[in-house]
Every structure is written in structure tokens, then in C-alpha cells.
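# Coordinate inspection notes
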Amino acid sequence: MSDDRLVGIVLVSHSAAVAASVAELAQGLVGGGPEVPVAPAGGTEGGGFGTSAELVAAAAAAVDRGAGVAVLTDLGSAVLTVKALLAEGDELPDGTRMVDAPFVEGAVAAVVTAATGADLDAVVAAAEEAYGYRKA
Amino acid sequence: MLDADFFRRWMTATAASVDREADRLTALDSPIGDADHGSNLRRGFAAVTAALEKEAPRTPGAVLILTGRQLISTVGGASGPLYGTLLRRTGKALGDAPEVGPEQLAEALRTGVDAVRQLGGAAPGDKTMIDALVPAVDALGDGFGAALAAAEQGAEATTPLLARKGRASYLGERSIGHQDPGATSAALLIAALAEAEAGSDAGADAGGE
């Protein structure tokens, strides 16, 4: 990192409430660090369950500070929509990456890591490491 | 040769049959999915029809790329990025040519199907749209009628399969005995090719500009 720009985080869930709550939880666990740009993209534009490419693109644009954007998804169409948008080439900011991580644990790890000023690689790695955390 | 008009007719015929069959698609999606396949695709293809009318793309490739983009942004379910990728990649493979031959279409469609397989990770036999699309593309060399028959056969053949992708896969063996909604809608897309071909003879698109 050559300056203090933070990696942006987008949380894509089938449910607007899930995306917003996970964003709130992750930011709440940062503590006193700098405010990480986090945007939820949950549900469809009409407020139903599903994935909206428009909401995903808007969220990514909103959190892009030039240091890259990490996108976490829950399942099904959320995963496929983000992959399809990345394949499109011009719908998401440069340096946007889809993260292969569990949604809640990955979001917390990504946001906490981003708050330290870590670069995109480190944020993605921290989120992906969340898969290794066994609960039993 | 197939021009932009043919491809527009293909998409509007697909939109019409998706609209007609939406309730059936949703009914198929009820026991093994989340009962939204018909309504999602109907919304997506209605947006496609409107966009094609408004933007009037001039090449076959442009028609399919615009269609794909609309589906990705408006469907709201997994079928959006899947069909969107299928048609956008097919469109990209057709390039800027003002007209394409049936063999070019078959080759481009194969590129599109490969992209869908990569995106969703589905292989033939996983009880997905791939089970209708792969045989359809294989049969396309023998004409649109042969492709349609192959697609419908492929869709019907998903009934005894165990779902390995998407929400239906959570059901395990309980997914057996239901025809896959995605394979069924994929057969509609292939069926619309023959309708688009017939439309040019009947002049069904007269005044469509």
C-alpha cells in the first residue's frame, strides 16, 4: 500500500436483511479502526429474495477507493451473477475480485483485515482462510 | 444466411414461449427449486424484447450480446447469469458479421454452452440446462428441427437424474422423478430457432422495424 486507501467490501446475499446485517456485524467487530467501505447488495431491486446485478454493480462502485474491491457472496445466483459480471469486463470497477469464502466469517475477516490498511491480496486471503476455522 | 432480423425473431419467439410456458416452468421448479423459474425468465425476456426494440442492434452478435446483458441484469435468479452468459458468449463468438451461416451459429453456440459449463460447473447428467443444450448443439448440424428434438429429448431425460447443481442438489434422491426446469426452458430456447426460421418465410415480422 502506497497510501491509506482501503479495500472496499461488497456483501451479496439473496436477502437484503442478511447482507445488511452481516455488513453491520463485520463493521461492528472492527473496533476503533478506520471505517472500511462496506456495501450490502442483498435481494432483488423489488425487495424480494434473489440477486440484482444492478445492486451489485452499484455497491461495488460505492466502495471503490482505488485499492480494489472484494466481493463476498452467499450462494447460487449470487455467486453466478458476480462471476458473470466479472466476465463482462466493464460492469465492476477495476481490481474487483470475487472471494471464495464463507459469507459471515469471511465478511468479518475481510472487513477486519481491510481496516488494517491491508491490500486486496491480503484481504482476500484472510477471508478465504475463514474456511479453515473448524467449529467442532 | 441468418441476419440480425433472424436473431431478433429468435429472441422474441423465445420471449413469447417463455411467457406462454411460465406457469409450467414455475410448476416444475416448485418441487425441486424455489418456484420462480417461470416468473424470473418471463421478466428477463420481457426486458430483452423491450431492449431489442429500443436499441435495434444491427448484427447477429449484437442482438445476442444485448440479450445476454439484459438477462444478467433483470432475471434475479441463477438462470439470469446462466442464460445471459450463454447468449452473450454466443454473440461474442459471432463477432461483427452482418450475416452468419447455420454452421457458424452452431459453433458459436457451442462456445456459449462451454462458457455456461464453466460458470456453473455443471456437466452433462447433472440435471441442468446443459442436458438439453449439449445434445441440441450436437444435433444443430442436421437443422433446427433436429436440434429441437434433441433438446426436448434431453430435457425429458433429466427426469430420472439426481440433481448435482443448484438448490435441487440439496434434495439428494428426492430430486429424482422431476424434469429439470432449466433443461425445459433451454428446450424452449432451441425450439424458438425453428420458429424464427419459419417466421422469415411467413413474413411474420413485417412491420417489425
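Thresholds, definitions, all that
- Residues numbered from 1 in each chain as written.
- Chains lettered and ligands numbered in written order.
- Predicted model: local features only at pLDDT ≥ 70, side-chain atom pairs only at ≥ 80, totals over all residues.
- Helix = DSSP H or I, 4+ residues; strand = E, 2+ residues; numbered from the N terminus.
- Contact = placed C-beta atoms within 7 Å.
- Nonpolar A, V, L, I, M, F, W, Y, C, P; charged D, E, K, R; others polar.
- Buried ≥ 20, exposed ≤ 12 C-beta atoms within 10 Å, placed from the backbone.
- Pairing = 2+ DSSP bridges.
- Right-handed = clockwise from strand over helix to strand, strands pointing away.
- Axes fitted to C-alpha atoms, helices over the stretch in contact; angles between N-to-C directions.
- Left-handed = near helix turned anticlockwise from the far one by under 90°.
- UniProt positions renumbered as here; feature names shortened; annotations may be inferred.

### Points about the overall build of chain A
- For chain A, the helix and strand inventory stands at 5 helices and 4 strands.
- For chain A, the succession of helices and strands along the chain, N to C, is β-α-β-α-β-α-β-α-α.
- For chain A, the spread of C-alpha atoms along the principal axes amounts to about 40 × 35 × 25 Å.

### Observations regarding the interface of chain B and chain A
- Facing 14 residues of chain B, the contacting portion of chain A comprises 13 residues.
- Elements represented by at least two residues in the side of chain B that touches chain A include exactly helix 3 (60-74), helix 4 (79-94) and helix 5 (102-120) of chain B.
- The biggest single contributor to the side of chain B that touches chain A is helix 4 of chain B, with 5 residues.
- Looking at the side of chain B that touches chain A residue by residue, the classes come out as 5 nonpolar, 8 polar and 1 charged.

### Description of the pairing of strand 2 (residues 38-42) of chain A
Residues and elements named next belong to chain A.
- Along strand 2, 5 of the 5 residues are buried, which leaves the element largely enclosed by surrounding structure.
- Judged from the 5 bridges that link them, strand 1 (residues 8-13) and strand 2 form a sheet pairing that is parallel. When the sheet's bridge partners are listed, Val 10 is paired in strand 2 with Ala 39.
- Each parallel crossover has a hand, and for strand 1 linked through helix 1 (residues 16-28) to strand 2 it is right-handed.

### Thoughts on the packing of helix 2 (residues 53-63) of chain A against helix 3 (residues 77-88) of chain A
All names here are of chain A.
- Put simply, helix 2 and helix 3 touch, their axes get as near as 10 Å, and they point 65° apart. Crossing geometry of helix 2 relative to helix 3 is assigned as right-handed. Every residue of helix 3 that contacts helix 2 at Ala 53, Val 56 and Ala 57 is listed here: Thr 81, Val 82 and Leu 85.

### So, the UniProt feature "domain: DhaL" (unreviewed entry) in chain B
- Cross-referencing UniProt, the feature "domain: DhaL" (unreviewed entry) maps to residues 5-195 of chain B in the present numbering.
- With 71% helix and 1% strand, residues 5-195 of chain B has its two end C-alpha atoms placed 13 Å apart.

### A word on the sheet that holds strand 3 (residues 69-73) of chain A
Residue and element names in this part refer to chain A.
- Across the sheet, which stays open at both edges, the 4 strands sit in the order 2-1-3-4 with parallel pairing between neighbours. Only two strands of the sheet have a single partner each, and these edge strands are strand 2 and strand 4 (96-98). In this sheet, adjacent strand axes meet at a mean angle of 20° when their direction is disregarded.
- Relative to strand 3, strand 1 is paired through 5 bridges, and the arrangement is parallel. The partner of Leu 11 across the bridge, within strand 3, is Leu 72.
- Docked against the sheet, helix 5 (residues 120-129) engages strand 3 and strand 4, running at close to 20° with respect to strand 3.

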